[in-house]
Amino acid sequence: ILIIGLLTINTDMFAQSYTWLAGSITYLYPTCLTLFYFITIYKKHNKYKIYDYIILTILSIIIPMFVENIGCIFILGNIIILVYTSIKERKINLYYLINTILSTAFLLIMLKSPGSASRNLTENIEFNQLNIINKIIYNLKNFNFYVFFKNSSMIIITLIPIIYYLLKTKNKIITITFSFIPILSIINNIYYMLPMKFSFLQNISIINTSNIIYIIFWIIYILIFVLTINYIINNKEEKKFIYFILMLGLSSSIIMLILPTWGDRITLHTTITLITIGTILIDKIIKKEEKIKRYLKIIYTFTAIYLISIFICINKLTIYREKYIQKQLNKNIDTIEIIRNPIMYVWNNNPQSEYFIKTYKSYQNINDTKDIKIVQLSYKEYINIVLGR
């Protein structure tokens, strides 16, 4: 279930966080390392081997230096663990204190670095002039759009345990009514789930993510998700830990409400956290249901075949257009045509802005004096390329 959830995130998030080198290093790596760090502490608290101390200390240094929002929640997590263990054990855990100090120091180093400071000043100058409350109000629509609206797989995986909880504690009418908006969001989100973006699907406007009712609904959704965790998880320590990672996961996107930069990769940590928790809850529900497991294996197999097929197509299109570019260069044509790659599983697959055009020219050995032009082919022509005709 976890792998299916992670592989079926929307195509923009997939491209920005998995296949784009800069995006994966900046967001995917620290997300995975943060989860590994806190899961290790949960499982091995006070039972560490020497290599555990070394690995966790190294992670305390490097995780805060990837990106601001994950760095902040990493420190928050360390502080919570330090305070919790100090209260429970009635003494300060020196090792957790050292890791908290290290992570805080290295986050400050990253924030004060020339690159970070310059980016914060130049990105969206008008936004930076707003006060904190107006920044939050301005970004609520971004929060709803990138965290909830575009993440159908996450909604499905978290909605299943919620429906289970509601059916067990409420009546069917309440369950159906509550499920209505998430299902509409999934339908409305087809545009972002397909490998190619079909313009006629973009105009579906079932859901308005800026509507205050939609915003309130997702607050209620998270609250009911918390009640679902409380209902399904019996072990108190496990329950506390799931609440802990849920709070950190949501905080990584909530922190961004006061910042101008938004995108699918920004909310990756939140998405992966919710998918992970949803998977844990579903696993508790289905237990050893072999019939359900067989269906899941079928879905997993089709997901794997689908993605392998997608990247075979991308590879064929890339080879074809690079050969076409080389043919034009050999003929010394002034305006080089770049065949548009319509498949969205690779980020910036069609150079458009000045920086990416310059980079693409360098990669393809196209002289700076030459112009480039993105050419859209018909679907029939794309099919012929993929089939090798």
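Preceding block: the structure.
### Observations regarding the pattern of salt bridges
Item 1. Scanning the model with the defined rule gives seven salt bridges in all.
Item 2. Connected via shared salt-bridge partners are Asp-12, Lys-150, Lys-197 and Asp-264.

### Focus on the pairing of strand β1 (residues 335-339)
Item 1. Note: β1 against strand β2 (residues 371-375), five bridges, orientation parallel. Within β2, the position partnered with Thr-335 by the bridge is Asp-371.
Item 2. Taken together, β1, helix α18 (residues 354-363) and β2 form a β-α-β motif whose crossover is right-handed.

### Description of a nonpolar patch on the surface
Item 1. A grouping of Phe-36, Ile-50, Tyr-51, Tyr-53, Ile-54, Ile-55, Ile-58 and Ile-62 is seen on the molecular surface, where their side chains present a nonpolar patch of about 740 Å² in accessible area.
Item 2. Here the nonpolar patch gets seven residues from one element, more than from any other, and that element is helix α4 (residues 50-62).
Item 3. Mapped onto the secondary structure, Ile-58 falls in helix α4.
Item 4. What makes Ile-58 partly exposed here is its relative accessible area of 45%.

### Looking at unusual backbone geometry
Item 1. One non-glycine residue, Asn-332, adopts positive backbone phi at about 60 degrees.
Item 2. Among the structural elements, Asn-332 can be located in the loop between α17 (290-330) and β1.
Item 3. For Asn-365, which is not a glycine, the phi torsion comes out positive at approximately 60 degrees.
Item 4. Assignment of secondary structure puts Asn-365 in the loop between α18 and β2.

### Topic: the packing of helix α3 (residues 21-44) against α4
Item 1. Relative orientation of the contacting elements α3 and α4 amounts to 145 degrees, with a least axis distance of 11 Å. The element α3 and its partner α4 pack so that their crossing is left-handed. Seen from α3, the contacting residues are Leu-33, Phe-36, Tyr-37, Thr-40, Ile-41 and Lys-44; seen from α4, they are Tyr-51, Asp-52, Ile-55, Leu-56, Leu-59, Ser-60 and Ile-62.
Item 2. Here the residues of the contact of α3 with α4 are counted per class, giving nine nonpolar, two polar and two charged.

### Things to note about the environment of Tyr-138
Item 1. Among the structural elements, Tyr-138 can be located in helix α9 (residues 132-149).
Item 2. According to the relative accessible area criterion, Tyr-138 is partly exposed, its value standing at 39%.
Item 3. Separated by 117 residues in the primary sequence, Tyr-138 and Leu-21 have C-alpha atoms spaced 30 Å apart.

### What to know about the environment of Leu-140
Item 1. By the element assignment, Leu-140 lies in helix α9.
Item 2. Residue classification places Leu-140 among the partly exposed positions, given a relative accessible area of 27%.
Item 3. Spatially, the C-alpha atoms of Leu-140 and Thr-100 are 30 Å apart, while their sequence positions differ by 40 residues.
Item 4. Leu-140 has contacts with Ile-215 and Leu-257, leaving out every residue within four places of it along the chain.

### Section: a positive patch on the surface
Item 1. Residues Lys-291, Lys-293, Arg-294 and Lys-297 make up a contiguous surface patch of positive charge.
Item 2. By secondary structure assignment, the location of Arg-294 is in helix α17.

### What about the environment of Ile-181?
Item 1. Among the structural elements, Ile-181 can be located in helix α11 (residues 172-188).
Item 2. Spatially, the C-alpha atom of Ile-181 lies 32 Å from that of Leu-130, the residues being 51 residues apart in sequence.

### Considerations on α17
Item 1. Here α17 contains 41 residues, and its C-alpha end-to-end distance of 60 Å stays within 8% of the 60 Å for a straight helix at 1.5 Å per residue.
Item 2. Against α1 (2-7), α2 (11-19), β1, α18 and α19 (379-386) lie the buried residues of α17.
Item 3. Among the residues trailing α17, Asn-332 stands out with phi positive, at a value near 60 degrees.

### What about α2?
Item 1. Here α2 lies mainly inside the structure; seven of its nine residues are buried.
Item 2. Within α2, burial applies to Thr-11, Asp-12, Met-13, Phe-14, Ala-15, Gln-16 and Ser-17.
Item 3. Considering only its buried residues, α2 is in contact with α1, α3, α12 (190-193), α16 (268-286) and α17.

### What about the state of the cysteines?
Item 1. Evaluated as defined, the whole model comprises zero disulfides.
Item 2. Left unpaired, Cys-32 is separated from the closest cysteine sulfur, that of Cys-72, by 19 Å.
Item 3. On the accessibility criterion, Cys-32 (42% relative accessible area) is partly exposed.

### Section: the nonpolar core
Item 1. Membership of the largest hydrophobic core comes to 81 residues, with the highest contact counts inside it found for Tyr-37, Phe-38, Tyr-221, Phe-225, Ile-229 and Ile-277.
Item 2. Among the elements that line this core, the one with the most residues is helix α14 (residues 212-232), at nine residues.
Item 3. When residues no more than four places from it in sequence are discounted, the contact partners of Tyr-221 are Ile-155, Thr-158, Leu-159, Ile-162, Phe-178 and Pro-182.
Item 4. In this structure, Leu-329, Ile-336, Ile-338 and Tyr-360 belong to the second largest nonpolar core, which totals seven residues.

### Some words on the packing of aromatic side chains
Item 1. Enumeration according to the criterion identifies 32 aromatic pairs in this entry.
Item 2. Ring centres 6.4 Å apart and planes at 80 degrees place the aromatic pair Phe-149 and Tyr-192 in the edge-to-face group. Remark: Tyr-192 occurs in helix α12 and Phe-149 occurs in helix α9; sequence separation between them is 43 residues.
Item 3. With a centroid separation of 5.9 Å and an interplanar angle of 85 degrees, the aromatic rings of Tyr-214 and Trp-218 are classed as edge-to-face. In this pair, Tyr-214 and Trp-218 are both assigned in helix α14, four residues apart and thus about one turn of the helix distant.
Item 4. The exposure class of Tyr-214 is buried, given its relative accessible area of 4%.

Parameters and conventions
Residues numbered from 1 in each chain as written. Predicted model: local features only at pLDDT ≥ 70, side-chain atom pairs only at ≥ 80, totals over all residues. Heavy atoms only, no water. Salt bridge = Lys/Arg side-chain N within 4 Å of Asp/Glu carboxyl O. Pairing = 2+ DSSP bridges. Helix = DSSP H or I, 4+ residues; strand = E, 2+ residues; numbered from the N terminus. Right-handed = clockwise from strand over helix to strand, strands pointing away. Patch = residues over 30% accessible without salt bridge, like charges linked within 9 Å, V, L, I, M, F, W, Y side chains within 5 Å. Areas by Shrake-Rupley, 256 points an atom, 1.4 Å probe, with all protein chains shown as cover. Buried < 20%, exposed > 50% of the residue type's maximum accessible area, 1.4 Å probe, protein only. Axes fitted to C-alpha atoms, helices over the stretch in contact; angles between N-to-C directions. Left-handed = near helix turned anticlockwise from the far one by under 90°. Contact = heavy atoms within 4.5 Å. Nonpolar A, V, L, I, M, F, W, Y, C, P; charged D, E, K, R; others polar. Lys, Arg positive; Asp, Glu negative; His and termini not counted. Charge placed at Lys NZ, Arg CZ, Asp CG, Glu CD. Expected span 1.5 Å × (residues − 1). Disulfide = S-S within 2.5 Å. Core = buried A, V, L, I, M, F, W, Y, C linked by side-chain atoms within 4.5 Å. Phe/Tyr/Trp six-rings, centres within 6.5 Å; stacked < 30°, edge-to-face > 60°.

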